[in-house]
Amino acid sequence: MPDIPVIAIDGPSGTGKGTVSGILATKLGWHLLDSGSLYRVLALTALNSGISLNDTDKLVQLLTTLNLRFESATEYSGASIILNDQDVSEDIREESCGNAASLVAALPEVRQTLLERQRKFRQAPGLVADGRDMGTIVFPTAQLKIFLTASAEERATRRYKQLIEKGINVNLRDLSADIAERDRRDKERVASPLRPAEDAVTIDTTGIKIQRVINRISALVEERFGSQPGFTR
Ligand code: DC
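Here goes a summary of the coordinates provided.

Quick notes on a negative patch on the surface
Consideration 1: On the surface, D87, E90, D91 and E94 cluster together into a negatively charged patch.
Consideration 2: Along the chain, D87 falls in strand β5 (residues 86–87).
Consideration 3: Assessed through its relative accessible area of 45%, D87 is described here as partly exposed.

Looking at the packing of aromatic side chains
How two aromatic rings sit relative to each other is given by the distance of their centres and the angle of their planes.
Consideration 1: Under the defined criterion, the tally for this structure stands at two aromatic pairs.
Consideration 2: Both rings, one in W30 and one in F225, keep their centres 5.4 Å apart while their planes meet at 85°; by these two values the pair is edge-to-face. Taken as a pair, W30 in the loop between α1 (17–28) and β2 (31–34) and F225 in helix α9 (residues 210–225) lie far apart in primary sequence, 195 residues in all.
Consideration 3: Judged by centre distance (5.7 Å) and plane angle (85°), the ring pair of F70 and F121 falls under edge-to-face. Of this pair, F70 sits in strand β3 (residues 68–74) while F121 sits in the loop between α5 (108–119) and β6 (127–131), and the two are 51 residues apart along the sequence.
Consideration 4: For F70, a relative accessible area of 30% translates into the label partly exposed.
Consideration 5: Using a relative accessible area of 19% as the deciding quantity, one classes F121 as buried.

A short note on the pairing of strand β1 (residues 6–10)
Consideration 1: The buried count for β1 comes to five of five residues, which makes it a mostly enclosed element.
Consideration 2: The alternating pattern of β1 places V6, A8 and D10 on one face and I7 and I9 on the opposite face, and all of these are buried.
Consideration 3: Here β1 pairs with β6 via five bridges, running parallel. If you follow V6 over to β6, its bridge partner there is L127.
Consideration 4: Bridge count between β1 and strand β7 (residues 144–149): four bridges; the pairing is parallel. Of the residues in β7, the one forming a bridge with D10 is F147.

Definitions and cut-offs
- Residues numbered from 1 in each chain as written.
- Predicted model: local features only at pLDDT ≥ 70, side-chain atom pairs only at ≥ 80, totals over all residues.
- Heavy atoms only, no water.
- Patch = residues over 30% accessible without salt bridge, like charges linked within 9 Å, V, L, I, M, F, W, Y side chains within 5 Å.
- Areas by Shrake-Rupley, 256 points an atom, 1.4 Å probe, with all protein chains shown as cover.
- Salt bridge = Lys/Arg side-chain N within 4 Å of Asp/Glu carboxyl O.
- Lys, Arg positive; Asp, Glu negative; His and termini not counted.
- Charge placed at Lys NZ, Arg CZ, Asp CG, Glu CD.
- Helix = DSSP H or I, 4+ residues; strand = E, 2+ residues; numbered from the N terminus.
- Buried < 20%, exposed > 50% of the residue type's maximum accessible area, 1.4 Å probe, protein only.
- Phe/Tyr/Trp six-rings, centres within 6.5 Å; stacked < 30°, edge-to-face > 60°.
- Pairing = 2+ DSSP bridges.

Next up, the structure:
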């Protein structure tokens, strides 16, 4: 399994990780793991069933019974997330769900329970894995590790624009405060805190168009894996 190529893409929210990972996976024809969606689905289910976000035992039990599947990734937008035969792809993107996901993601037992499930995504011909601990914990043997960063201001503004485009009314100041709090929690937690792997390449995406970020990573992909069938920069 460690021979199957993995590109780990980590970093805080709003750095363009999801977009970059989706584009790379499509260009390469590789599988995609959006690991944040697992924490988001768990948080959504807990919220809907009245389970407290710090009740470790119940959350772990919930995880073992989750009837979850990922359906055919559409170009660049990742897979549809189907929970108990219902498409929850949109619901899990709500800010409230992101904040709740950050809380359940801080629990070591929850992370441990999800570890093997995530590692099963390492399938031929390769995997692009998007998250916070892809390069450090889940796929420490990933052949290419990228850590994306961007200024807090720019990340909040990007997220603000995304939500407004979706017709969701938010206040930029509240959003910035939420993002700062979530970042703090993700970085300071004891279990798998958000940090770059020692062998990660850090790319600051502040003020940079997504295409340039893709070009930079594509050059690294060619360097590490050689030219890939159908892969162009
Ligand atoms: O990437 P995202 O916004 O969908 O992630 C939602 C939350 O899940 C985020 O606050 C941190 C957590 N998360 C994590 O702890 N580890 C991951 N590999 C992915 C996400």
